[in-house]
Amino acid sequence: MTNQLELTLAGAKGAKSEPPVSHVPAFLSPRQQALLMAEAADYPFESPEIKVYGKWHPIPRQQVWFADEGCAYRYSSLLISPKPWPHYLMRLKQALEGHCGTGFNGCLVNHYRGGEDAMGFHADDEPELVEDALIAIVCLGATRPLLMRRRLDGLRCRVLLQSGDLLLMHPPMQSTWEHAIPRSQKKLPPRISFTFRNLKPYFHGR
Ligand SMILES: O=C(O)CCC(=O)C(=O)O
Ligand SMILES: [Fe+2]
């Protein structure tokens, strides 16, 4: 792990525990960021509707799922089939695989149009994901905090993610902590996050 993690412990003073994440600031050069940002302008983003307490609502952000063949992803009650890898996203995947020494076969791209777009507390622990696999998040655009909350006692940590940063979530992050991108009252520019995952191919059949 890198020791560049900037965490603000908002929980018990002197708590020893930190979430199993590593923060790599400026993982992408300004040029790599510009190429990816331009490519993402043509991604087929959607805001699918999900059922919350019996009512259907569009998710408060946009997303698109790129993955290898056979890597469908179930999101709430929706089974999302994979779209083929765009050029610069594939280059980013390869760069990350070199950096992390592990493979990824899917990437959920999230588009937060402004401060009102957000993602609630959750863990990425769906059954089609390989257990104890690394999840890598690369972000572009607005600086936003990622909040982390320990399941055991609700201890909270926060890391500020800036354009070009990489955040790695190591096991057992998904079973011991939850994470969120909170809504902001401020008027913020758009943010895109690329979340690389490792799925069990053909989990949802052929
Ligand atoms: O946008 C982010 O940085 C986090 C996204 C996330 O947690 C997810 O896609 O599961
Ligand atoms: Fe997540």
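Residues numbered from 1 in each chain as written. Chains lettered and ligands numbered in written order. Predicted model: local features only at pLDDT ≥ 70, side-chain atom pairs only at ≥ 80, totals over all residues. Heavy atoms only, no water.

Per an unreviewed UniProt entry, the protein chain carries the name Alpha-ketoglutarate-dependent dioxygenase AlkB and comes from Shewanella litorisediminis.

Turning next to the pairing of strand β13 (residues 177-181). Buried residues dominate β13, accounting for 5 of its 5 residues. By the alternation rule, side chains of β13 split into W177, H179 and I181 and E178 and A180, which are all buried. As paired strands, strand β8 (residues 119-122) and β13 are joined by 2 bridges and run antiparallel to one another. From the neighbouring strand, H122 faces β13, where its bridge partner is H179. Strand direction decides the pairing type here: strand β10 (residues 144-150) and β13, joined by 4 bridges, are antiparallel. If you follow M148 over to β13, its bridge partner there is H179. (Buried < 20%, exposed > 50% of the residue type's maximum accessible area, 1.4 Å probe, protein only. Helix = DSSP H or I, 4+ residues; strand = E, 2+ residues; numbered from the N terminus. Pairing = 2+ DSSP bridges.)

Okay, the environment of M37 next. Looking at the secondary structure, you find M37 in helix α1 (residues 30-40). Sequence-wise, M37 and L140 are 103 residues apart; in three dimensions their C-alpha atoms are separated by 7.2 Å. In this structure M37 touches L140, G141 and I192, once residues within four positions along its chain are discounted. (Contact = heavy atoms within 4.5 Å.)

Only H122 (NE2), D124 (OD) and H179 (NE2) from the protein coordinate the iron ion (ligand 2), and they sit 2.1 to 2.2 Å from it. Sequence spacing of the donors to the iron ion (ligand 2): H-x1-D-x54-H. Taken together, the positions of D124 in the loop between β8 and β9 (135-141) and H179 in strand β13 put the pair 55 residues apart, joining distant regions of the chain. (Donors = N, O, S within 2.8 Å, 3.2 Å for Na, K, Ca; no water.)

A few words on the sheet that holds strand β4 (residues 62-67). Spatial strand order, β1-β12-β9-β14-β7-β4: 6 strands in an open sheet with antiparallel pairing. Both edges of this open sheet fall to β1 (21-24) and β4, since each of them pairs with a single strand only. Put simply, the sheet's adjacent strands are angled 15° from each other on average, direction ignored. The pairing of β4 with strand β7 (residues 106-112) spans 6 bridges and is classified as antiparallel. Pairing of F66 across the sheet is with C107, part of β7. Of the strands in this sheet, β9 and β14 (191-197) touch α1, which is tilted by about 85° from β9. Across the face of the sheet, helix α2 (residues 87-100) comes into contact with β1, β4, β7, β9, β12 (166-169) and β14 while running at roughly 55° to β14. (Axes fitted to C-alpha atoms, helices over the stretch in contact; angles between N-to-C directions.)

Another aspect to go through is the nonpolar core. Grouped together as the largest cluster of nonpolar side chains are 25 residues, with contacts concentrated most on Y43, L89, L92, L96, V109, F194 and F196. Contributing elements (two or more residues each) for this core: α1, β4, α2, β7, β9, β12 and β14. Setting aside chain neighbours within four positions, we find L92 in contact with F27, L28, L36, V138, F194 and F196. (Core = buried A, V, L, I, M, F, W, Y, C linked by side-chain atoms within 4.5 Å.)

As a further point, take α2. With 14 residues, α2 extends 20 Å between its outermost C-alpha atoms, agreeing within 8% with the 20 Å of an ideal straight helix rising 1.5 Å per residue. Inspection of α2 places L89, L92, K93 and L96 among the buried residues, and these make up the whole buried set. Take α2 and look down its axis: the buried residues cluster within an arc of 105°, on one side only. After α2 finishes, the residue G101 shows a positive phi value of roughly 70°. (Expected span 1.5 Å × (residues − 1). Arc of directions from axis to C-beta.)

Let us now look at the site of ligand 1. Residues in contact with ligand 1 amount to 13 residues; listed here are only the nearest, N110, Y112, R191, S193 and R197. At 2.6 Å from an oxygen atom of ligand 1 is found a side-chain nitrogen or oxygen belonging to Y112. Here an oxygen atom of ligand 1 sits 3.0 Å away from a polar atom, N or O, in the side chain of H179. When isolated, ligand 1 has an accessible area of 290 Å², and the protein chains bury 98% of it. Those elements that provide at least two residues to the shell around ligand 1 are β7, β8, β13 and β14. Of the residues in the shell around ligand 1, the class split is 5 nonpolar, 5 polar and 3 charged. (Near = heavy atom within 4 Å. Polar contact = N/O pair within 3.5 Å; in protein donor to acceptor, adjacent residues only side chain to side chain. Areas by Shrake-Rupley, 256 points an atom, 1.4 Å probe, with all protein chains shown as cover. Nonpolar A, V, L, I, M, F, W, Y, C, P; charged D, E, K, R; others polar.)

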